[in-house]
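# Structural characterization, general
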Amino acid sequence: DAGVIQSPRHEVTEMGQEVTLRCKPISGHDYLFWYRQTMMRGLELLIYFNNNVPIDDSGMPEDRFSAKMPNASFSTLKIQPSEPRDSAVYFCASSLGGTTQHFGDGTRLSIL
Amino acid sequence: AQSVTQLGSHVSVSEGALVLLRCNYSSSVPPYLFWYVQYPNQGLQLLLKYTSAATLVKGINGFEAEFKKSETSFHLTKPSAHMSDAAEYFCAVSGPTGANSKLTFGKGITLSVRP
């Protein structure tokens, strides 16, 4: 079975550019989570959805960050404008019923 | 509110030695507890989970963990370390479901295995 699929795996862009990260959850899962991982702060939950509805976005760092889930099989995380401090690995995870989360391989984002 | 404490950031063991990675939690609701492993340049992979059934939980790759409510602990063990166990290990806590579905992770522990 296909796991959580994230794209791109790597993204390098210049400060000020818009960045869009994509996630396809496991088919049938009803929860989707976005995390950010850095050396300094570890794993941080940014936002999560249940049945495509955002439930908790208290971890979104600033208004420059936005996330959408237009349907059950796709979600995006956008950063506009991007800044060097946004450089991190961004993970998407999905779960059925909100218990065990299955993670994608992440997007390594570098903002120059 | 929920939190997880993983003491220390790095553990080094010899191949064949016991692995013990410590995790203590705080939770205002009956917790669900998880151990995840992360290999370089990969996402997190579930090792095992406790969801209020048996207190001794067996996971993949020979790992197990014991839920001790009196000690608020969920330590991860493996009797004999293998070189392939070298990775970063995260303990996490959540509530059962619904509004408590958020996972709160510890800072992670890097396990090194010496030949």
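We now turn to the structure provided with this report.

Rules of the game
- Residues numbered from 1 in each chain as written.
- Chains lettered and ligands numbered in written order.
- Predicted model: local features only at pLDDT ≥ 70, side-chain atom pairs only at ≥ 80, totals over all residues.
- Heavy atoms only, no water.
- Helix = DSSP H or I, 4+ residues; strand = E, 2+ residues; numbered from the N terminus.
- Rg over C-alpha atoms; globule rule 2.2 N^0.38 Å.
- Buried < 20%, exposed > 50% of the residue type's maximum accessible area, 1.4 Å probe, protein only.
- Contact = heavy atoms within 4.5 Å.
- Areas by Shrake-Rupley, 256 points an atom, 1.4 Å probe, with all protein chains shown as cover.
- Lys, Arg positive; Asp, Glu negative; His and termini not counted.
- Charge placed at Lys NZ, Arg CZ, Asp CG, Glu CD.
- Buried area = accessible area lost by both parts, 1.4 Å probe.
- Polar contact = N/O pair within 3.5 Å; in protein donor to acceptor, adjacent residues only side chain to side chain.
- Nonpolar A, V, L, I, M, F, W, Y, C, P; charged D, E, K, R; others polar.
- Pairing = 2+ DSSP bridges.
- Axes fitted to C-alpha atoms, helices over the stretch in contact; angles between N-to-C directions.
- Disulfide = S-S within 2.5 Å.

## Some points on the overall build of chain B
- Broken down by element type, chain B carries 0 helices and 12 strands.
- Counting from the amino terminus, chain B carries its helices and strands in the arrangement β-β-β-β-β-β-β-β-β-β-β-β.
- Over its C-alpha trace chain B gives a radius of gyration of 14 Å, about what one expects of a compact globule, namely 13 Å for 115 residues.
- Dimensions of chain B, computed from the C-alpha atoms along their principal axes, are close to 45 × 30 × 25 Å.
- In chain B, which comprises 115 residues, the share counted as buried stands at 43%.
- The contacts in chain B between residues at least 6 apart in sequence include a share of 58% that link residues at least 24 apart.
- Surface summary for chain B: the accessible area is close to 5,400 Å², and the carbon and sulfur share equals 53%.
- When the 9 basic and 6 acidic side-chain charges of chain B are each reduced to a single mean position, those positions are 7 Å apart.

## Observations regarding the interface of chain B and chain A
- The partner chain A presents 20 residues to the 19 residues of chain B that form the contact.
- Of the roughly 1,600 Å² buried at the junction of chain B and chain A (both faces included), carbon and sulfur atoms supply 52%.
- Counting across the chain B and chain A interface gives 5 residue pairs in polar contact (both at pLDDT 80 or more).
- Breaking the side of chain B that touches chain A down by element, the ones donating at least two residues are β5 (32-38) and β6 (44-50) of chain B.
- Partitioning the side of chain B that touches chain A into residue classes produces 10 nonpolar, 7 polar and 2 charged.

## Side note on the sheet that holds strand β8 (residues 74-79) of chain A
All names here are of chain A.
- Taken in spatial order, the 4 strands make up an open sheet running β1-β3-β8-β7, and their pairing is antiparallel. Only two strands of the sheet have a single partner each, and these edge strands are β1 (5-7) and β7 (65-71). Taken pair by pair, the neighbouring strands of this sheet meet at an average axis angle of 15°, ignoring direction.
- Pairing of β7 with β8 involves 5 bridges; the strand directions are antiparallel. Bridging across to β8, serine 66 finds its partner in lysine 78.

## Considerations on the state of the cysteines
- Here the structure, examined in full by the defined rule, presents 2 disulfides over all chains.
- Here Cys23(A) is linked by a disulfide to Cys92(A), with a sulfur-sulfur distance of 1.9 Å. In this structure the cystine formed by Cys23(A) and Cys92(A) twists about its S-S bond by roughly -65°; its chirality is therefore left-handed. Remark: Cys92(A) occurs in strand β9 (residues 88-95) and Cys23(A) occurs in strand β3 (residues 19-24); sequence separation between them is 69 residues.
- Assessed through its relative accessible area of 1%, Cys23(A) is described here as buried.
- Judged by relative accessible area, Cys92(A) falls into the buried class, the value being 0%.
- Between the sulfur of Cys23(B) and that of Cys91(B) lies a disulfide, 1.9 Å long from S to S. Residues Cys23(B) and Cys91(B) are joined through a disulfide that is left-handed, its torsion about the S-S bond being -65°.

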